[in-house]
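Chain by chain, the residues run as shown.
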Amino acid sequence: MIFGRSERGKAPVEPVTLKILVAGGFGVGKTTLVGAVSEIRPLRTEELLTEAGRPVDDTSGVEGKRTTTVAMDFGRITLREDLVLYLFGTPGQERFWFMWDELAEGALGAVVLADTRRLEDCFAAVDYFERRSIPFLVGVNCFEGAARHPAESVRQALDLDDDVPLLLCDARDRESVKEVLVGLVQHAREYAADLRGAVVR
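Here the residue index of a chain counts from 1 through its sequence in written order. Local features are withheld for residues below a pLDDT of 70 in this predicted model, meaning they are given only at 70 or higher, and side-chain atom pairs are given and counted only at 80 or more; totals for whole chains, interfaces and linings count all residues. Note that the side-chain values use all heavy atoms of the structure and ignore hydrogens as well as water.

Asker: Help me out: how do you make sense of the nonpolar core in this one?
Answerer: Nonpolar side chains in soluble globular proteins tend to be buried together. Counting residues in each nonpolar core, the largest one holds 28 residues, and the members touching the most others are L21, V112, F129, F136, V138, L158 and L160. Setting aside residues no more than four positions away along its own chain, L158 makes contact with L119, C122, F123 and V138. As used here, the term nonpolar core means buried Ala, Val, Leu, Ile, Met, Phe, Trp, Tyr and Cys residues forming a set that is joined through side-chain atoms within 4.5 Å. The rule is simple: take the accessible area with a 1.4 Å probe, protein chains only, and divide by the maximum for that residue type; under 20% is buried, over 50% is exposed, in between is partly exposed. The next biggest cluster of nonpolar side chains, apart from the first, holds 22 residues, and it includes I20, V22, V37 and L83. For this analysis, residues touch if any pair of their heavy atoms sits within 4.5 Å.

Asker: Sorry, what's going on with the state of the cysteines here?
Answerer: A covalent bond between the sulfur atoms of two cysteines is referred to as a disulfide. Sulfur atoms of two cysteines make up a disulfide when they are within 2.5 Å. For the coordinates displayed, the defined rule picks out zero disulfides. Counting only cysteine sulfurs, C142 is the nearest neighbor of C169, a cysteine outside any disulfide, at a range of 6.5 Å.

Asker: Would you take a moment to explain the packing of aromatic side chains for this structure?
Answerer: A ring pair, where both rings are aromatic, is described by two values, the distance of the centres and the angle of the planes. When the centres of two rings from Phe, Tyr and Trp lie within 6.5 Å, Trp using its six-membered ring, the rings pair. Their planes under 30 degrees apart give stacked, over 60 give edge-to-face, and anything left gives tilted. One pass over the full model with this rule turns up six aromatic pairs. Ring geometry for Y128 and F129: centres 5.2 Å apart, planes at 85°, overall edge-to-face. The exposure class assigned to Y128 is buried, which follows from its relative accessible area of 10%. Since its relative accessible area comes to 0%, F129 is described here as buried. Geometrically, a lysine NZ or arginine CZ counts as sitting over a ring once it is within 6 Å of the ring centre and also within 35 degrees of the ring normal. Positioned above the aromatic ring of F143 is the side chain of R117, whose terminal nitrogen or guanidinium carbon lies 4.3 Å from the ring centre. Residue placement shows R132 over the ring face of Y128; its charged tip is 3.7 Å from the ring centre.

Asker: What is the right way to look at the pattern of salt bridges in this model?
Answerer: Where charged atoms from two side chains of opposite charge come close, those side chains can pair. A side-chain nitrogen of Lys or Arg and a carboxyl oxygen of Asp or Glu constitute a salt bridge if their distance falls within 4 Å. Scanning all chains against the criterion turns up eight salt bridges. Put simply, R76 and E39 hold a salt bridge, and the shortest N to O gap is 2.9 Å. Taken together, the residues R76 in strand 3 (residues 67-80) and E39 in the loop between helix 1 (30-37) and strand 2 (43-48) connect sequence positions 37 residues apart. A residue is classified by how much of its surface remains accessible, and R76, at 19% relative accessible area, is buried. On the basis of relative accessible area, E39 is assigned to the partly exposed category, the value being 33%. Two residues, D121 and R118, come together in a salt bridge whose shortest N-O distance is 2.8 Å. Given a relative accessible area of 7%, R118 falls into the buried group. Numbering goes from the N terminus for both helices and strands, where a helix is a DSSP run of H or I of at least four residues and a strand is a run of E of at least two.

Asker: Hey, could you run me through empty space enclosed by the protein in this one?
Answerer: Only protein atoms enter the 1 Å grid used here, on which a cavity is any set of points holding a 1.4 Å probe that cannot leave and a pocket is any open set flanked by protein within 12 Å on both sides along at least five of seven lines; residues with an atom within 4 Å of a point are listed as lining. Grid points are joined across faces, edges and corners, and a volume is the space filled by probe spheres set on the points. Per the counting criterion, the structure on display carries two cavities of 30 Å³ or more. Computed from the structure, the largest cavity encloses a volume of approximately 60 Å³. Every residue lining the largest cavity is listed: T116, V140, N141, C142, F143, A146, A147, R148, H149 and L168. Gly counts as polar in this scheme, as do all residues outside two lists: the nonpolar Ala, Val, Leu, Ile, Met, Phe, Trp, Tyr, Cys and Pro, and the charged Asp, Glu, Lys and Arg. Taken together, the residues of the lining of the largest cavity sort by class into six nonpolar, three polar and one charged. What the second largest cavity holds in volume is close to 50 Å³.

Asker: Help me out: how do you make sense of helix 1 in this one?
Answerer: Along an α-helix, a turn takes 3.6 residues, which lines up residues three or four apart on a common side. Most of helix 1 sits inside the fold, with six of its eight residues counted as buried. Among the residues of helix 1, those classed as buried are K30, T31, L33, V34, A36 and V37.

Asker: How do you make sense of the pairing of strand 4 (residues 83-89) when you look at a structure like this?
Answerer: Here is the key point about a regular strand: its side chains alternate between the two faces of the sheet. Summarising burial for strand 4: six of the seven residues are buried, a large majority. Two strands pair when backbone bridges link them, and strand 1 (residues 16-24) and strand 4 are joined in this way by seven bridges, in the parallel orientation. From the neighbouring strand, V22 faces strand 4, where its bridge partner is G89. The criterion for strand pairing is that DSSP finds at least two bridges linking the strands in question.

As structure tokens, then:
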């Protein structure tokens, strides 16, 4: 099936659409991740970094970064003919965090992207989703030249609950990103089922 049309003789499938957030620190690869997997040209709200922002934008470890997301990134991916994900990349800098509440409205869950060179930058995102009981997983973006750490070591450093998935990924690679998104959808379904079970009990 081609999106929006059906094969001859078959009724058109009305896909379920789900909203996913991609969050994390400044320069971690959120825009790259959305762009790598989106089947449409991503909507981006990037602006050039300026001298005025230098005192508040910590570019340690990402010195080559020239732009920053000031509102959101938006992309779309069809996982199956009946399942479409809308991806919303959040801004990473603290002064733009007021956008997060708007973007989180109605979200199925979130991918928190982490960079082991600046692991502390994703603490705020982990805390945000934990406090709001929004299911999330951590995707460790394996940058070229960065030291590789065992997943369990990263989990301990982030003090993640045992039920929060943690996956190694490459935000530039479509298949790697798809695995992360599928993992999040599965985790969110299990999270919802556990909540229903708790209510029944």
